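Structure at a glance
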Amino acid sequence: MPDIFAMLEENQVESFPLLRPHQSAPWTCLLTQLAALALEESGETLPPLDPEKPWTMAGRHEPEKWAQLLRALTPGYTEDEPWCLVVSDVTKPAFLQSPSSTEASAEKCFDKVDLTPDNLDLTITRKAHDLKPGLIAAPRIEEWLFAIVSLQTNAGFLGAENYGIARQNGGHGKRICSSLGSSRTIGGRWGRNVRVILDHIDDLYSELYEAENPLRLLWLLPWDGEKGSSIFVGDLHPLFVEVARRIRCVEKDGGLCVTRGGTKDWRVAAEDFHGALNDPWTPLIDDEGDVKAYGGDMSYRGLQKVLCFSHKPLLLQWHQKYDGSKNQLVLFEGLMKGKGKTEGVAFRALPVSSAVRRLFSSPDLTKENEIASAMLNLVETAENKVLKVALATSAQARRPSFNGAIEWNGPDVDDWIPTVIREMDKEVDDLFFLALWNELERGAGARDDSDKTWTDRLRELVEKYFELGMKTLSLGSEMNLKGIAQGRNRLFGLMKNLLPAAPCLKEGENEHGA
């Protein structure tokens, strides 16, 4: 760790070659947490800011100094046990591995063995093309390290005695991580995020965290996994590094393996918080008045709830004075987890112009939320009240008995139209946030009214996908041509009434004038 931190401060880390995609976000968060905790504990003065070299924003330290800073988080361990992967004494902590209260309790509970890192890790597979476990024949230390970090800081609930982390909404939730990507390098993003956290450390404390001596590294505490052994949120530091499972890394046949033991309770008693723990990476949403960690996908429908959430901006998305004036990216990353399964890594980078940075620093995003909601309503209208009706009309008007009433349960509707609408929605997904930024800029006077409005773009998409849908209908008969003509007439009639060529959206109003 000391060498890694020193290299990050010199911007010398180009990649972690053995890091798997689903391990990237947990590993990045851990490096930032540990550095911020160590520097906060030291109390040292942060260096002057150099926006051109964001990797220096946490300072410049030799590896020996980083070792000293990290040891200060784990006093009393002369052999650096908390920073070692293998510690033979099970009553002492090892890296991300909680000690047992006695040797007897460890012998009783650690009854499962993982011989390879990918057996230990989170990728629960079901299909032949998935990432399979047990394929790393000669695992290296780094592969064990990354697998342990992934498990301990990103695991969900996986059946009896296999509980998950606190920073997600429920055992079957997802830990989505988000930040402003103002640098293209690993060291630059790390240095920037460490500095943002340290500059705003008081903002992370809330009514949740009130302990005078908060717990930081949870693997230092003995844990036998008994019922009632959970740690209360109020006893924690906002940047606490959690451990979801009881594991120990041991030497075996010249290599390593991991033994596991079950637990009868969560390590952190946080179920009632639904993942809303003021974590600087975890985006929040308002679920009918309850604030919860976002656990959805990376689609525009989900992420707009996060970006226009009017509760409190996510700390690492805040635009800082040292982030510069250029357009930047908002990054989202997470392993898509579910009940007893994983569904791959999802990543999304959304370009953000300088004119919409208010979105990431204002405590009141009511107007932005109104505009985004109006745009979503227009998508619903375009896809289901215009395109779907026009397609169904074309398909069913070919029948001699058609009288204008659509039979929504017919096979020509169920088997064909949803495919066309899904294809349109993919293009909507590509366009939505750029269009949202344009509308926000227009409302702020930063863009003129000559650009197309969201209604204009949806009208174009509806026409495009109607014509694409018509190409899948068999042509040649008079009835088919009649059906297409009736569908096209209905399309333009519906667009005129439901998607009129409207003036540009202004803050606080939608395209229907509300």
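Residues numbered from 1 in each chain as written. Predicted model: local features only at pLDDT ≥ 70, side-chain atom pairs only at ≥ 80, totals over all residues. Heavy atoms only, no water.

Take the packing of helix α1 (residues 2-9) against helix α7 (residues 186-199) next. As a packed pair, α1 and α7 sit with axes 8 Å apart at the nearest point and diverge in direction by 100°. Relative to α7, the element α1 lies roughly perpendicular. On α7, the residues that touch F5, L8 and E9 of α1 are I186, G187 and W190. Of the residues belonging to the contact of α1 with α7, the class tally is four nonpolar, one polar and one charged. (Axes fitted to C-alpha atoms, helices over the stretch in contact; angles between N-to-C directions. Helix = DSSP H or I, 4+ residues; strand = E, 2+ residues; numbered from the N terminus. Parallel < 35°, antiparallel > 145°, perpendicular 65-115°, else oblique. Contact = heavy atoms within 4.5 Å. Nonpolar A, V, L, I, M, F, W, Y, C, P; charged D, E, K, R; others polar.)

Tracing the sequence through the fold places R245 in the loop between β5 (236-241) and β6 (246-252). By relative accessible area, R245 is classed as buried at 11%. Along the chain, R245 and Q152 lie 93 residues apart, while their C-alpha atoms are 6.2 Å from each other. (Buried < 20%, exposed > 50% of the residue type's maximum accessible area, 1.4 Å probe, protein only.)

As a further point, take helix α3 (residues 63-71). It helps to recall that an α-helix has 3.6 residues per turn; residues three or four apart then point in one direction. If you check which residues of α3 are buried, you get W66, A67, L69 and L70. Projection of α3 onto a plane perpendicular to its axis shows the buried side chains occupying an angular sector of 165°, all on one side. Buried-residue contacts for α3 involve α1, α2 (24-42) and α7. (Arc of directions from axis to C-beta.)

For the rest of this paragraph, the subject is the pairing of strand β10 (residues 290-293). Sheet topology note: the strand β9 (residues 284-287)/β10 ladder contains four bridges and is antiparallel. Along β10, the bridge assignment pairs L284 with A293. Hairpin remark: β9 followed by β10, antiparallel, with two residues in the connecting loop; positive phi at E288, about 55°. (Pairing = 2+ DSSP bridges.)

Positioned with a positive phi, D80 is a non-glycine residue whose angle comes to about 60°. Secondary-structure assignment places D80 in the loop between α3 and α4 (103-109). For H274, which is not a glycine, the phi torsion comes out positive at approximately 55°. Among the secondary structure elements, H274 is positioned in the loop between β8 (268-269) and β9. Residue classification places H274 among the partly exposed positions, given a relative accessible area of 29%.

Taken in spatial order, the three strands make up an open sheet running β1-β7-β6, and their pairing is antiparallel. Edge positions in the sheet fall to β1 (112-114) and β6, since each of these pairs with one other strand and no more. The sheet shows a mean angle of 30° between the axes of neighbouring strands, taken without regard to direction. Here β6 pairs with strand β7 (residues 255-261) via seven bridges, running antiparallel. Following the sheet pairing, E251 is matched in β7 by L256.

Here the focus is the packing of aromatic side chains. Evaluated as defined, the whole model comprises 14 aromatic pairs. Joined through ring pairs, the aromatic side chains of Y300, F432, F433, W437 and W454 make up one cluster. Stacked on the ring of F240, the Lys or Arg R167 has its end atom at 3.9 Å from the ring centre. (Phe/Tyr/Trp six-rings, centres within 6.5 Å; stacked < 30°, edge-to-face > 60°. Lys NZ or Arg CZ within 6 Å of the ring centre and 35° of its normal.)

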